[in-house]
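Spelled out from the first residue to the last, the chains are:
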Amino acid sequence: MKNKILTQISFVIVLVTVAVEMFPLIVIFINSFKKDIDIWMGKFLVFKPTLQSYTDVLTNSDFPRALTNSLIVAFSTTVIAILLGSMASYGLARFQFKIRNVVILILLILRMIPQITLAVPFYMMFRSLGLRDTLLGLILAHTSFNLPYVIALLLPFFADIPKDYEEAARIDGCTEVMLFWKIFFPLASPGIVVAAIFAFLMSWNEFIYALILGGSRVRLASVAVQSFLGQYAPLWGQLSAAGMLMLIPVFIITLGLQRYIIQGLSAGGIKG
Amino acid sequence: MFLLPTLLAIIFVQFYPMFYGLILSFTNQTLLRVQTVQFTLSNYQKMFKEPQFQYSLWLQFSFIFIALPLELVIGFFVALLLDKPFRVFKVVRALLMLPVFVLPVLSGLTWRLMLQPKYGVLARAFETLALGPSAWLADTRYAYIAILLQDIWRMWPFMFLLICAGLTSLPQELRESARLDGASFFSETVYIIIPCLKPVLSMAILLRMIDALRIFSEVYVMTYGGPSNATMLLSLYIHKQGFEFGNISYASAMGTVLLFLALPLAYVAVKKSLKV
Amino acid sequence: MKRCLIVILACLLSMSVWAATVVRVLLWDDALTQALKKGLPIFEQATGIKVELELVPSGVLLSKSLMAVTPDTSDYDLIAVDEPFVPKMAPLLLPFAQWPETDVYPQPDMNDIMPYAVDAGYWRGELWGLPINANVYVWMTRKDLIEQYKDEFKEEYGYEMTVPYTLTELLNMAEFLSKKGIYGWAPFTKPTEGSTCEAIWMFKSFGTDVLEVCEDGYRVVLDKAKAVQAIEFYKELLKYAPPGALDYGHAERIAAFSRGEVFSMFQWPAIIPDHEDPSKSIVAGKIAYTAPPAGPAGTFAIRGCWIVAIPKAAKEKKAAAEFAFWWMAKETGKSLIPVGLTPARVSLLLDKEIMAVKPWFIGIFRAMPHAVARPRFEYYPELSSIIRTHWLDAISGRTSAAEAVDKMLTEIRSLLKEHDLLKG
């Protein structure tokens, strides 16, 4: 009986939380269908919906191309970051060595420095390597901050896996590589999924590198969206439409990868 | 070990910019590169005498120490609430992540729109509740609260998702046996879940912190540093000095100081997240 | 074998000779420059020069230019510079007088360009670039409100209600209209460049400058008494501004005016099309355009022209000049005006056909003779920050006007001293 009431209360709380949380997003969603004058008129729900903003965004500017660029960059950098990062994180988590913590800290330092400081050296570095205004250059730049992030994020997940799994596998004659791919990677999958989502997101929304290292040939969505900010005031309708469009890929990825987060640990680890 | 190539690659990419930044802070170079570069400690001397720097530093750390715990607590509780395998929760979880996915600039602008006196939905709501002035963003105190709210709204789902993943990795046997032993929801949480989740929680705080140190677009677009510098967090001030004034060496110096102040916290967090 | 090699070499050589020149241009990002993109094929066909046009948000244009351009190297051949930054960028730029001769598009007739617009590109006696738009404070007033209330107003105040020609008139009309539920005026109060513009406008209108340029430095000439007067008047005006006026940026001002709430205020020409667009504004067609109202010291309008300049270290200077002249050409101007170009050419501003569609061009023409620049100074960003911070503190009542001006003076002096530029 108590359980039922508790469940009902928690349902209500969940509902309220979701409603509150979604509210600003609903504002953006509605704004993307409003004419600019309506957005500022303050009549929240009374307006004539229009697809003008979406049409403008998709036809007038180079936004679709920027979206494609962003997709390519974000996807590539996520794959690289996850592959290399999980390996590195595994190594750092499972092998104890004296300066381990310091090494990890050093990895994270780059993310703690304000971007302005990094902008100039990155610009010069990329210019001399001829990577300015290229997709490859941006992928590398994004990976440079995604990798430490993924490594750090996965540390607790790899550290958490009980030693028994490892020992049992070794007894079975597992090689190091097999050990990693067949046992640890799947076991840490909730963490890996979250890391993938965030790595994708970081690259998707990233603005400074895209601006400085990009150029006329390679424009990312995060920079293209700025053209809706206008020189003076935002083109609210188009900005909201562009924002919504940018949300779609990430949302789909999250929804799709959900099952890896809630999937329980396959109990076959030790017994199998 | 097969983590070596990765490490080497990262370290290589990181070191050049890092050292460049460090060295830059000891020079007098600006973005307009016409004068000869000299080495000098003047940036650091100037910084410690400048009240704006100290004020911005204070604003930045207050921001972190207020927003992060709140984000963690909310994220934690919602993660627990949604820890049941109902199918609808899958969608709920994805929906809850949307604020984190929104472009920071758009988030800041939407909050600015919502807080518009007389016409913004939030402004009108607050007015009916007699909460705060009519123009939140024009008031030095409420503008700060507004940017805090924006950040909490946007980022608690970040903690939430990380904790969800952590909860899944928890050994189910431990929780089941505790429940069989008759433990209440409360004691199960405090004595089992929290200790087991400590690594994940520490990492969540660490990751959030390093991003909170660099927060920029959302706040800039809402207040531009706030009425009378009330929301001029150090990250914004560094940006102002670097990008607006072109004093990249000074910006670099401030960034270095910020970094060194954050390092001890980061170190503790890293340690905690590795312990099992 | 040898013959093959020779053939290959010949091909490569001829390719490099025939290879098109590529000119790299860096501009700000908005409807106008995007429209420029659409016109590129015409340019490329006429000149054979390929254009790589990069558009970045105007807020970061300065820093990206500084990163990409040094006295010895430049990643761009033509860059846009916002006029307050001309003193800062001048060391990196090629003076206009030294621009190379062009083949296809001739240098525009300088007499056809509004003289005050050309001024924007001048610094220490040299012209550093070509003004690409005539950007100046234009004053908007609601004709329909005048029609509606002019009789009542005349009764109460004793003179004809027209477009406010002096600040005192503006104050009277604002006071009058506040009783009718209309806000007489809207300020700009976000802590960005816009507030500096307001401050300088008011200071000038009350008779004081900030800096005087000397041979090798600057003198601080801000008159405290007049500055305080200006601030106090602005505060009076603020009484008749919409709620939240102390945090009014472009977005808020545009919305307020387009909603029909505000009677009279300044606006940048690039934004005015939005007010005349029926889908974005309910006051389209009801606006009169003039120069700003005069203060005790006269009529003044803040100017904010953009110039295009060629960096000293640019590779393709001739191609860059061609591009700039093409942009300034009358035909190009005519095709770009519908999408938001505010021409610097007098002939285009006063063209009858165009004026019929763009009534505010006459406002620009009226306001430009009163154009005044913000202080010209190499370290303008820091100066702007000092001025606007204390200005905003004063008008919001956080500090007293006298205190704010004192602080302004102290900080400006120490800024000048820091760079060894303080004279007198």
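Since the structure is predicted, the reported quantities are computational estimates derived from the model, not experimental observations.

Calculation notes
Residues numbered from 1 in each chain as written. Chains lettered and ligands numbered in written order. Predicted model: local features only at pLDDT ≥ 70, side-chain atom pairs only at ≥ 80, totals over all residues. Helix = DSSP H or I, 4+ residues; strand = E, 2+ residues; numbered from the N terminus. Rg over C-alpha atoms; globule rule 2.2 N^0.38 Å. Buried ≥ 20, exposed ≤ 12 C-beta atoms within 10 Å, placed from the backbone. Contact = placed C-beta atoms within 7 Å. Domains from an automatic or database assignment. Nonpolar A, V, L, I, M, F, W, Y, C, P; charged D, E, K, R; others polar. Pairing = 2+ DSSP bridges. Axes fitted to C-alpha atoms, helices over the stretch in contact; angles between N-to-C directions. Parallel < 35°, antiparallel > 145°, perpendicular 65-115°, else oblique. Left-handed = near helix turned anticlockwise from the far one by under 90°.

## Regarding the overall build of chain C
Alright, step 1. Each helix and strand in chain C was counted, giving 18 helices and 15 strands.
Alright, step 2. Taking 424 residues into account, the globule formula puts the C-alpha radius of gyration at 22 Å, and chain C, at 24 Å, falls close to it.
Alright, step 3. The buried share of chain C, reckoned over its 424 residues, is 52%.
Alright, step 4. Contacts in chain C between residues at least 24 apart in sequence constitute 74% of all its contacts with a sequence separation of at least 6.

## Points about the interface of chain A and chain B
Alright, step 1. Taken together, the 73 residues of chain A in the interface contact 76 residues of chain B.
Alright, step 2. Only helix H1 (2–31), helix H4 (63–94), helix H5 (100–112), helix H6 (115–129), helix H7 (135–160), helix H10 (189–205) and helix H13 (236–262) of chain A provide two or more residues apiece to the side of chain A that touches chain B.

## Examining the domain arrangement of chain C
Bring the parts together and some accessible area is lost; that lost area is often taken as the interface size.
All names here are of chain C.
Alright, step 1. Taken domain by domain, chain C holds domain 1 (23–135 + 305–372) and domain 2 (138–302 + 379–418).
Alright, step 2. Between domain 1 and domain 2, the C-alpha centre-to-centre distance is 28 Å.
Alright, step 3. Contacts between the two partners involve 17 residues from domain 1 and, on the opposite side, 16 residues from domain 2.
Alright, step 4. Secondary structure elements with two or more residues in the side of domain 1 that touches domain 2: helix H4 (86–89), helix H16 (361–367) and strand S15 (371–372).
Alright, step 5. Ranked by residue count, the leading element in the side of domain 1 that touches domain 2 is H16, at five residues.
Alright, step 6. Looking at the side of domain 1 that touches domain 2, its residues break down into 10 nonpolar, five polar and two charged.

## So, helix H5 (residues 104–114) of chain B
An α-helix turns once every 3.6 residues. As a result, residues three or four positions apart point the same way.
Alright, step 1. Burial runs high along H5 of chain B: 11 of the 11 residues are buried.
Alright, step 2. Of all the residues in H5 of chain B, the buried ones are Pro104, Val105, Leu106, Ser107, Gly108, Leu109, Thr110, Trp111, Arg112, Leu113 and Met114 of chain B.

## Side note on unusual backbone geometry
All names here are of chain C.
Alright, step 1. The phi torsion at arginine 124 lies on the positive side, around 50 degrees, for a residue other than glycine.
Alright, step 2. Here arginine 124 shows up in the loop between strand S4 (122–123) and strand S5 (126–127).
Alright, step 3. Positive phi values are uncommon outside glycine, yet aspartate 420 reaches one of about 60 degrees.

## Examining the environment of valine 221 of chain C
All names here are of chain C.
Alright, step 1. Mapped onto the secondary structure, valine 221 falls in the loop between strand S10 (218–220) and helix H9 (224–238).
Alright, step 2. In the structure, valine 221 is positioned 135 residues away from valine 86 in sequence and 21 Å away in space, judged by C-alpha atoms.
Alright, step 3. If sequence neighbours within four positions are ignored, valine 221 has contacts with Asp209, Val210, Leu211 and Glu212.

## A few points about the interface of chain B and chain C
Alright, step 1. Counting residues at the interface gives 19 residues for chain B, matched by 22 residues for chain C.
Alright, step 2. Of the residues assigned to the side of chain B that touches chain C, the class counts are 11 nonpolar, five polar and three charged.

## Looking at the sheet that holds strand S1 (residues 22–28) of chain C
The strands that make up a sheet pair up through hydrogen bonds in the backbone, lying either parallel or antiparallel.
Residue and element names in this part refer to chain C.
Alright, step 1. Pairing within the open sheet is mixed, and its five strands lie in the order S2-S1-S3-S14-S6. On the outer flanks of this sheet lie strand S2 (50–56) and strand S6 (130–131), each paired with one strand and no other.
Alright, step 2. Relative to strand S14 (residues 306–309), strand S3 (residues 78–82) runs antiparallel, the two being bridged by four bridges. Residue pairing in the sheet places isoleucine 79 in a bridge with alanine 309 of S14.

## Quick word on the packing of H5 of chain B against helix H7 (residues 140–169) of chain B
Residue and element names in this part refer to chain B.
Alright, step 1. Two numbers describe how H5 lies on H7: the axes approach to 11 Å, and their chain directions differ by 130 degrees. Between H5 and H7, the crossing angle belongs to the class labelled oblique. Considering how the two elements wind past one another, H5 and H7 form a crossing that is right-handed. Here H5 contributes Ser107, Gly108 and Trp111 to the contact with H7, which in turn contributes Ala146, Gln150 and Arg154.

## Concerning the pairing of S3 of chain C
Residue and element names in this part refer to chain C.
Alright, step 1. For S3, a buried count of five out of five residues is recorded, marking the element as mostly surrounded by other parts of the structure.
Alright, step 2. When S1 meets S3, the two strands line up parallel, connected through two bridges. Note on S3: the bridge partner recorded for leucine 26 is isoleucine 79.

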